[in-house]
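So the chains spell out like this:
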Amino acid sequence: MYSFVTYNGILINEKFMDILKRNTLDDFHKFMNFNDSNLLKRNKFRSVTKIEIEDKIFYLKRHFWPWEERIKSLVPCAKKEDARNEWNNMLTLSSLGFSTMTPVAFGEEKQCGMPYFSFTLTENLYNAEKLEVFFPKYYTPPLNKEKFKDKRACIKKLAVLARDFHSKGLNHQDFYLGHILISQEDNTFFIIDVQRMHKNKTISLHDKIKDLAQLTYSAKRLEIFTKTDLLKFFLIYTGGDKLTPDNKKLARSIMSKTRNIAKHDAKLQFRKNKLRAN
C-alpha cells in the first residue's frame, strides 16, 4: 500500500517526495501554474499535461470547476467527477486488487466552501500500451494457431476483469479499450482515467450495460473481433457456457446501447469535421 504525507497543503506519495522537492513541484500553485508545453488534452473541465523530470514521466491532470459544477458538488447524492474522486478511485482500485495508475500527488483549492481548482499527479505506466493499440498490433488477421490462442486468452482475461470489476460494485462510465492498458512485461491489465468511476454495493443494470457497450463499441471499431470473439467474451463475463433467456436479453440491450454510442460518436465526429472545415 501507499504512504502519503501532507506537505504545503497537498497530499504527496512519500516515494516521490524527494524528486518533487528537487524540481520545486511541492505546493498547490506550482502544480496549477505549471507550464503547458507538453499539453496533451484540454476542455472546459480539465487539462492533461505530460511532465518529464529526471528519469521519470508523470501526468498532471488539472480540474477547473464552472459554477454549475461547484454547486452540484454540494449535493450529497450527486456523482462527482473531479480530481478528488479520481484520487480516491485509484486508492479504491488498489485496495480491491486491481492495477491502476500510481497516485503521486493531489491538491484541491476551495472558494466559499466549494471546490474551485484541483489536480492529480500520476506516474507513467512504463512498458504498457492501450488495448486499442495492443489488439490490432498483435492480432490483426490472418492469425496462426498460437496467435489465435493468445488472442482468445486476452479476451478471456478482459472478460474476467470486467466481471470482477462489476461484481465489486464498480462502474467506470468510460470503459473503452483506450482506458485499459496491458503491461508488456507480465500482461497485467491497468484501468486508467477513473475520475468518473463510482462504487456502490451493487452495480445497476443501466451502468452494467453502459460499461459493456463501451467495451463492445471500441472493440468493434478495431474490425479484428469476430462475432464468436464477442460471444466468448460475453459467456465468460456471465459465467455460463450457453446463452440463457436472461443473458440473451442482456446481450440485446448491450448491442442496442452499442449502436446508440456509434450514432452519437458519428454525430460528434461530423461536428468536429464541420468546425475544421470552417
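Just above sits the structure.
A brief look at the structure comes next. Being a predicted model, the structure only gives us computed values, none of them experimental. (Residues numbered from 1 in each chain as written. Predicted model: local features only at pLDDT ≥ 70, side-chain atom pairs only at ≥ 80, totals over all residues. Heavy atoms only, no water.)

Section: the environment of Val5
And step 1. With respect to the helices and strands, Val5 occurs in strand E1 (residues 4-7).
And step 2. Accessibility expressed as a relative area gives 24% for Val5, which makes it partly exposed.
And step 3. For the pair Val5 and Met17, spaced 12 residues apart in sequence, the C-alpha separation works out to 8.7 Å.
And step 4. Those residues in contact with Val5 that sit more than four places away from it in its chain are Ile10, Leu11, Ile12, Glu14 and Met17. (Helix = DSSP H or I, 4+ residues; strand = E, 2+ residues; numbered from the N terminus. Buried < 20%, exposed > 50% of the residue type's maximum accessible area, 1.4 Å probe, protein only. Contact = heavy atoms within 4.5 Å.)

A few points about the layout of surface pockets
And step 1. Empty space within the second largest pocket amounts to approximately 440 Å³.
And step 2. As for the second largest pocket, its lining consists of 19 residues, and the residues nearest its centre are Thr216, Leu230, Leu231, Phe234 and Met255.
And step 3. Counting only elements with at least two residues in the lining of the second largest pocket, the list comes to helix H6 (145-167), helix H7 (205-222), helix H8 (227-238) and helix H9 (245-277).
And step 4. For the lining of the second largest pocket, the element with the most residues is H8, which contributes six residues. (1 Å grid on protein atoms, 1.4 Å probe; cavity = no way out; pocket = protein on both sides within 12 Å on 5 of 7 lines; lining within 4 Å. Points joined across faces, edges and corners; volume = space filled by probe spheres on them.)

Side note on the packing of H7 against H8
And step 1. Look at H7 against H8: their axes get within 12 Å of each other, and the N-to-C directions meet at 155°. Taken as axis vectors, H7 and H8 run roughly antiparallel relative to one another. Classified by chirality, the crossing of H8 by H7 is right-handed. Residues Lys208, Leu212, Leu215 and Lys220 of H7 form the contact with H8, whose own contacting residues are Leu230, Phe233 and Tyr237.
And step 2. Looking at the contact of H7 with H8 residue by residue, the classes come out as five nonpolar, no polar and two charged. (Axes fitted to C-alpha atoms, helices over the stretch in contact; angles between N-to-C directions. Parallel < 35°, antiparallel > 145°, perpendicular 65-115°, else oblique. Left-handed = near helix turned anticlockwise from the far one by under 90°. Nonpolar A, V, L, I, M, F, W, Y, C, P; charged D, E, K, R; others polar.)

A short note on H8
And step 1. Here H8 is 12 residues long and its end C-alpha atoms lie 16 Å apart, about the 16 Å a rise of 1.5 Å per residue gives.
And step 2. Every buried residue of H8 is listed here: Asp229, Phe233, Phe234, Leu235 and Tyr237.
And step 3. Packing partners of the buried residues in H8 comprise H6, H7 and H9. (Expected span 1.5 Å × (residues − 1).)

Structural notes on the environment of Phe31
And step 1. Structurally, Phe31 can be placed in helix H2 (residues 28-32).
And step 2. Here the alpha-carbon distance between Phe31 and Ala266, two residues 235 residues apart in the chain, equals 36 Å.
And step 3. Beyond its immediate chain neighbours, meaning those up to four positions away, Phe31 contacts Ile10, Leu20, Leu25, Asp26, Leu60, Arg62, Ala105, Phe119 and Leu121.

Some details on the side chain of Asp207
And step 1. Take Asp207: it is sitting in helix H7.
And step 2. Within polar-contact distance, the side chain of Asp207 engages the side chain of His206 at 3.3 Å. (Polar contact = N/O pair within 3.5 Å; in protein donor to acceptor, adjacent residues only side chain to side chain.)

Some words on the pairing of strand E3 (residues 39-42)
And step 1. Note that E3 and strand E4 (residues 46-53) share three bridges and pair antiparallel. Bridging from a neighbouring strand, Leu39 pairs with Thr49 of E4.
And step 2. Two successive antiparallel strands, E3 and E4, enclose a turn made up of three residues. (Pairing = 2+ DSSP bridges.)

Here we look at a positive patch on the surface
And step 1. A contiguous patch of positive charge, built from Lys220, Lys227, Arg259, Lys263, Lys267 and Arg271, is present on the exposed surface.
And step 2. Broken down by element, the positive patch gets its largest block of residues, four residues, from H9.
And step 3. On the secondary structure map, Lys267 appears in helix H9. (Patch = residues over 30% accessible without salt bridge, like charges linked within 9 Å, V, L, I, M, F, W, Y side chains within 5 Å. Areas by Shrake-Rupley, 256 points an atom, 1.4 Å probe, with all protein chains shown as cover. Salt bridge = Lys/Arg side-chain N within 4 Å of Asp/Glu carboxyl O. Lys, Arg positive; Asp, Glu negative; His and termini not counted. Charge placed at Lys NZ, Arg CZ, Asp CG, Glu CD.)

Description of the nonpolar core
And step 1. Core analysis: the biggest nonpolar cluster contains 45 residues, and Leu93, Leu131, Phe135, Leu158, Phe165, Ile180 and Phe233 have the highest contact counts within it.
And step 2. Looking at this core, the elements that each hand over two or more residues are helix H4 (83-95), helix H5 (131-139), H6, strand E11 (180-183), strand E12 (189-191), H7, H8 and H9.
And step 3. Among the elements that make up this core, the one with the highest residue count is H6 (seven residues).
And step 4. Counting residues in hydrophobic clusters, the runner-up holds 19 residues, among them Met17, Leu20, Phe31 and Ile51. (Core = buried A, V, L, I, M, F, W, Y, C linked by side-chain atoms within 4.5 Å.)

Comments concerning the side chain of Asn85
And step 1. With respect to the helices, strands and loops of the structure, Asn85 is situated in helix H4.
And step 2. Judged by its relative accessible area of 13%, Asn85 falls in the buried class.
And step 3. Here the side chain of Asn85 touches Gln195 through a polar contact of 2.6 Å, landing on its backbone oxygen.

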